[in-house]
Amino acid sequence: MQTGISKERVPGACLIAALAVLLGVALSAPAQVIPSAQVLGRVVQEAHDQFKDLRDGATADYIPELAKVPSELFGVAIVTARGDVFAAGDVDYPFTIQSVSKPFTAALVMQQHGGAEIILDKIGVEPTGQRFNSILATQVIAQVSVNPLVNSGAIAAVSLVEAASAQERFDTILEYYGRLAAAPLSVIEDVYQSEAATNQRNRAHAYILFASDRIYSEPMEAVDVYTRQCSIGVTAKQLAVMGATLANNGVNPVTGMRVLDTRYVPKVLAIMLMAGFYDESGLWAYTAGLPAKTGVGGGIVAVVPGKMAIVGFSPRVNAAGNSVRAMKAIEYIADQLGLNMFGSGR
Ligand code: GLN
C-alpha cells in the first residue's frame, strides 16, 4: 500500500510548491489595489441613489435631542488609504459620533499604554450578543460581559485614558479624534446636555463596573467624559478619514501623520468585526464581511484594510440602533467592489 509521496512525484510537488508561492504573490498583490477613481465615484453615487428613498427605521429618541435631527439626511463617503475622497449626499452635515467613537478611544488607550493587552486584561474583547446598553451583559462574569464597543466597556475605556483630570481626559480624546479626522472637532452641545440629563442607565453600568473593580477612574466622571465623547460632531467625510487612518495602518492618509502604531490596528479591527454591531454583529459579518462600527447618531464606518474606509450616515436606525440606509449603502459598495474580507464570492 502506498503511504507517502513516491520519488517520481517529488519534482512535480516542487513545481506545485513553486507555483503556489508565485500564485500566493499574485493573489496577495491585488489585495492592496485600490479601485480607480472612476469606479469609486460611481459606486458611492449609486449607493446613495439606490437607497435614498428607503424610509425604514426611526431616529433614535431615547436621547431626546437626537429625535430633532432631520431624518431625511443621507450621506455616503469613501476615503481611500491614499487620502482620496469620494462622496454623495449629506456628507458635510455634522452629526454626533455616538458609539462610532468607541473603537477610536480603545485605540487611544492602546497607544497611550503602549500595549494592546490592557484592553484584554482590564475590559475584555468578547462580543456580548446583547444590546449596546445591556445591564444583563455587564453583570455576567467579567471575562465575557464587556468589550470596548458596548456602553459599559466604552465607559471603562474612557476611564483608562491617562490624564490628571476629567477635563484633561476629554481634551485628550477630542485632540486624538481631531488627529484621526484631520480636522479640529467639537462637541454638539445640545445633544450632550440632552444625553447628560437622561443617561441614568449608563450611570448604572459605571456603578456595576465599580462594584467589581472594572472601572479605573471615578465612575460618574467616566460617564460624563464618555457622554461628551459620544456628542462630538463629525461629518461623514471626517469620519471616513478616521476610518481611512485605520485602513492605512495607523497613518492618517490626509495629514501623513502616524496616529496609531501599526501593531494595534488589527486589534482594533478585530473588536470591530466581533462587536461593532452589538447583537447584529453576526448578521453584519454574514452580509458585509467587514470590520465596522455603528452609532445611534446614524453613522457607520467600515474599514477595508489597506484600501479604504466606507461611511454611511442616515439618522433612521433599526431596533439594534444601527442606521438602515448606512448599512445598505456600505453593503452595496462592499458587494460591488468585492470587498468582503472572507472572499468576494466571485
Ligand atoms: N451615547 C449613546 C449611549 O450611551 C451611544 C449609543 C450608541 O451609539 N449605540 O447610549
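Placed above this text is the structure.
Residues numbered from 1 in each chain as written. Predicted model: local features only at pLDDT ≥ 70, side-chain atom pairs only at ≥ 80, totals over all residues. Heavy atoms only, no water.

1. Some words on the packing of helix H3 (residues 102–113) against helix H8 (residues 166–181)
Stage number 1. Between H3 and H8, the least distance of the axes is 10 Å, while the angle of their chain directions is 105°. When the axis of H3 is compared with that of H8, the two are roughly perpendicular. Contacts from Phe104, Thr105, Ala107, Leu108 and Gln112 in H3 reach Thr172, Ile173, Tyr176, Tyr177 and Leu180 in H8.
Stage number 2. Across the contact of H3 with H8, the residue classes tally to seven nonpolar, three polar and no charged. (Axes fitted to C-alpha atoms, helices over the stretch in contact; angles between N-to-C directions. Helix = DSSP H or I, 4+ residues; strand = E, 2+ residues; numbered from the N terminus. Parallel < 35°, antiparallel > 145°, perpendicular 65-115°, else oblique. Contact = heavy atoms within 4.5 Å. Nonpolar A, V, L, I, M, F, W, Y, C, P; charged D, E, K, R; others polar.)

2. Here we look at the sheet that holds strand E6 (residues 292–294)
Stage number 1. Spatial ordering of the open sheet is given by E3-E2-E8-E7-E6, a layout of five strands whose pairing is antiparallel. Edge positions in the open sheet fall to strand E3 (85–89) and E6, since each of these has one partner strand only. If you compare each strand with its neighbour and ignore which way they point, the axes differ by 10° on average.
Stage number 2. Relative to E3, strand E2 (residues 75–80) runs antiparallel, the two being bridged by five bridges. By the bridge assignment, Ala77 is partnered in E3 with Ala87.
Stage number 3. Taken strand by strand, helix H2 (residues 37–51) contacts E2, E3 and strand E8 (308–313), and its axis lies near 20° from that of E3.
Stage number 4. In the packing of helix H15 (residues 324–337) onto the sheet, contacts are made with E2, strand E7 (299–304) and E8, and the angle to E8 comes to roughly 150°. (Pairing = 2+ DSSP bridges.)

3. Concerning the packing of aromatic side chains
Stage number 1. One pass over the structure, following the stated rule, counts eight aromatic pairs.
Stage number 2. Taking the centre distance of 4.0 Å and the plane angle of 5° together, the rings of Phe95 and Phe313 count as stacked. Remark: Phe313 occurs in strand E8 and Phe95 occurs in strand E4 (residues 95–96); sequence separation between them is 218 residues. Each of the two residues, Phe95 as well as Phe313, counts as buried.
Stage number 3. Seen from their ring centres, Phe132 and Tyr278 are 5.3 Å apart, and the 50° between their planes marks the pair as tilted. (Phe/Tyr/Trp six-rings, centres within 6.5 Å; stacked < 30°, edge-to-face > 60°. Buried < 20%, exposed > 50% of the residue type's maximum accessible area, 1.4 Å probe, protein only.)

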